[in-house]
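A closer look at the structure
Single-letter residue listing:
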Amino acid sequence: LDPRRYFAGAALAAAGANAAILIVSPDSAATPLLRFVTGMCMAGIYPVGMKLAATWAKGDLGLVVGILVGALTVGSASPHLFNAVGGIDWRFTLALTSLAALAAAGLILLAGIGPNTAPRRPFEPAAVLAAWRSPALRLANIGYLGHMWELYAMWAWLAVFLQASFALSMDAADAALWAKLATFAAIAAGAAGCIGGGLVADRVGRTRLTAGAMAVSGACCLLAGLLYGSEPLWLVALCIVWGVAIVGDSAQFSASVAELSPPHLVGTMLTVQTCAGFLLTLVTIHLMPVLAGAAGWPLALATLALGPAVGIWAMLALRRRPEAARIAGGKG
């Protein structure tokens, strides 16, 4: 399939499902179904976009994929800004994000396919097992899972955490507004981390960059909880650092998998990696409010540091393997 048309179709379906929530009752059975369709369409956008971007790489795969993930990061942050500007009317956010997805469906058709394209082959369902059978791919995927354990839980609950913290030192309305703006700033700052991470990883190695970024983000998990209820300015500054580090390594896991995979399986391996990571996020996204309610935000956020700890181990183990010579032009 032409990845551009597949991407466009997925974006159109996502836009339609997102906009359809505006015409159904929010508490109807149709709403979670439409949300499911929107989420499912991500599989036609994120890994497909990475594969398309990889066809243009010339010794700078980390940067190329980093730019794409940076765009994803800004897109993930934008609803918080839309919500802050639009006030409490959730319909404004849904309408604007649906229009953004509609624009994406048209823009992707203007993209070209680069020269690094493998010959097309029939789909091989059994090929998905290579993601676990290959020791190098297995370690890269474990590193990605450690990263994803933290990432989307932080993105999903940061606004709630900040609002609860800010409410201890300002009135409720101001706390809500500043929490939305601070969340947008923290998540959007990750775009700079993605591009910077790509530049650094192409020069010093992906395993080093990912391990270093996870060390910083893991430390931020612990420090953010300790700063709960403290001076808002210090907490926002820490969250911006967290936002840069938490996603600055994301593209490098995908770039590593692309470099470690047989050329004709790059799309399959990227999709397997992405699906496993997004599935894991269900655990921490649902775990966070339970832990925050039972033990408080400091402990809830501290549990997110477990993912980076496992991810650091996996990427350093990958660095010691001979297959690491295929990553980042031999830099590992």
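Residues numbered from 1 in each chain as written. Predicted model: local features only at pLDDT ≥ 70, side-chain atom pairs only at ≥ 80, totals over all residues. Heavy atoms only, no water.

**Points about the overall build of the protein chain**
Per the secondary structure count, the protein chain includes 15 helices and zero strands. Overall, the C-alpha framework of the protein chain stretches about 60 × 45 × 30 Å when taken along its three principal axes. Counting over 332 residues, the protein chain shows a buried share of 48%. Partitioning the intrachain contacts of the protein chain with sequence separation of at least 6 by distance along the chain shows that 80% fall at a separation of at least 24. In the protein chain, 19 side chains carry a positive charge and 13 a negative one; their mean positions are 14 Å apart. (Helix = DSSP H or I, 4+ residues; strand = E, 2+ residues; numbered from the N terminus. Buried < 20%, exposed > 50% of the residue type's maximum accessible area, 1.4 Å probe, protein only. Contact = heavy atoms within 4.5 Å. Lys, Arg positive; Asp, Glu negative; His and termini not counted. Charge placed at Lys NZ, Arg CZ, Asp CG, Glu CD.)

**Details of the pattern of salt bridges**
All chains considered together, the criterion is met by five salt bridges. The salt bridge involving arginine 4 is made with aspartate 2; its shortest N-O contact spans 2.8 Å. Here aspartate 2 falls in the buried class, since its relative accessible area comes to 15%. In this structure, glutamate 323 and arginine 321 form a salt bridge, with 3.1 Å as the shortest nitrogen-oxygen distance. The class of glutamate 323 is buried, set by a relative accessible area of 16%. Residues joined in a network through salt bridges with shared partners are Asp2, Arg4 and Arg5. (Salt bridge = Lys/Arg side-chain N within 4 Å of Asp/Glu carboxyl O.)

**Looking at the packing of aromatic side chains**
By the definition in use, this model includes six aromatic pairs. Taken together, the ring pairs connect Tyr46, Tyr152, Trp155 and Phe278 into an aromatic cluster. Its end group placed over the ring of tryptophan 132, arginine 138 keeps NZ or CZ at 5.3 Å from the ring centre. (Phe/Tyr/Trp six-rings, centres within 6.5 Å; stacked < 30°, edge-to-face > 60°. Lys NZ or Arg CZ within 6 Å of the ring centre and 35° of its normal.)

**Regarding the packing of helix 7 (residues 135-166) against helix 10 (residues 206-226)**
Running from N to C, helix 7 and helix 10 point in directions that differ by 35 degrees, and their axes come no closer than 11 Å. Two packed elements cross with a definite hand, and for helix 7 against helix 10 that hand is left-handed. Here Gly143, His147, Glu150 and Phe161 of helix 7 lie close against helix 10, whose contacting residues are Met214, Ser217, Gly218, Cys221 and Ala224. (Axes fitted to C-alpha atoms, helices over the stretch in contact; angles between N-to-C directions. Left-handed = near helix turned anticlockwise from the far one by under 90°.)

**Points about a nonpolar patch on the surface**
There is a patch of nonpolar side chains on the surface, built from Ile67, Ile195, Leu199, Val200 and Val204 and spanning about 360 Å² of accessible area. At four residues, the largest contribution of residues to the nonpolar patch is made by helix 9 (residues 190-204). Mapped onto the elements, isoleucine 195 comes out in helix 9. A relative accessible area of 35% means that isoleucine 195 is categorised as partly exposed. (Patch = residues over 30% accessible without salt bridge, like charges linked within 9 Å, V, L, I, M, F, W, Y side chains within 5 Å. Areas by Shrake-Rupley, 256 points an atom, 1.4 Å probe, with all protein chains shown as cover.)

**Quick word on the nonpolar core**
If you look at the biggest cluster of nonpolar residues, it comprises 71 residues, and the most contacted ones within it are Trp155, Phe161, Leu162, Trp242, Leu301, Leu304 and Leu318. With 17 residues, the single largest contributor to this core is helix 7. Excluding residues within four positions of it along the chain, tryptophan 155 makes contact with Thr73, Ser76, His80, Ile187, Ile246 and Val247. Membership of the second largest hydrophobic core comes to seven residues, among which are Phe7, Val48, Leu52 and Ile108. (Core = buried A, V, L, I, M, F, W, Y, C linked by side-chain atoms within 4.5 Å.)

**Details of the state of the cysteines**
Within this structure, the stated rule accounts for zero disulfides. With no disulfide of its own, cysteine 194 has cysteine 220 as its nearest cysteine by sulfur position, at a separation of 15 Å. With no disulfide partner, cysteine 220 has as its closest neighbouring cysteine sulfur the one in cysteine 221, 7.3 Å distant. (Disulfide = S-S within 2.5 Å.)

**Section: helix 1 (residues 3-20)**
For helix 1, built from 18 residues, the straight-helix expectation of 26 Å at 1.5 Å per residue is met to within 8% by its first-to-last C-alpha distance of 26 Å. Where helix 1 is buried, its residues contact helix 2 (30-40), helix 3 (46-54) and helix 5 (90-107). (Expected span 1.5 Å × (residues − 1).)

**Details of the packing of helix 7 against helix 13 (residues 266-295)**
Packing of helix 7 against helix 13 brings their axes to within 7 Å, and their N-to-C directions diverge by 40 degrees. On the basis of their axis angle, the class for helix 7 and helix 13 is oblique. Relative to helix 13, helix 7 is oriented so that their crossing is right-handed. When its residues are assigned to classes, the contact of helix 7 with helix 13 shows 18 nonpolar, six polar and no charged. (Parallel < 35°, antiparallel > 145°, perpendicular 65-115°, else oblique. Nonpolar A, V, L, I, M, F, W, Y, C, P; charged D, E, K, R; others polar.)

**Some thoughts on the environment of alanine 324**
Mapped onto the elements, alanine 324 comes out in the segment after helix 15 (306-319). Sequence separation of alanine 324 and alanine 173 is 151 residues, and the distance between their C-alpha atoms is 51 Å. Excluding residues that lie within four positions of it along the chain, alanine 324 makes contacts with Leu318, Arg319 and Gly332.

**Topic: unusual backbone geometry**
In this structure, alanine 328 takes a positive phi of about 55 degrees despite not being glycine. By secondary structure assignment, the location of alanine 328 is in the segment after helix 15.

**Digging into the side chain of serine 78**
Here serine 78 is to be found in helix 4 (residues 61-86). Overall, serine 78 belongs to the buried group, its relative accessible area being 16%. Within the structure, serine 78 has its side chain in polar contact with the backbone oxygen of glycine 75 (distance 2.8 Å). (Polar contact = N/O pair within 3.5 Å; in protein donor to acceptor, adjacent residues only side chain to side chain.)

Taken by themselves, the reported measurements are silent on function.
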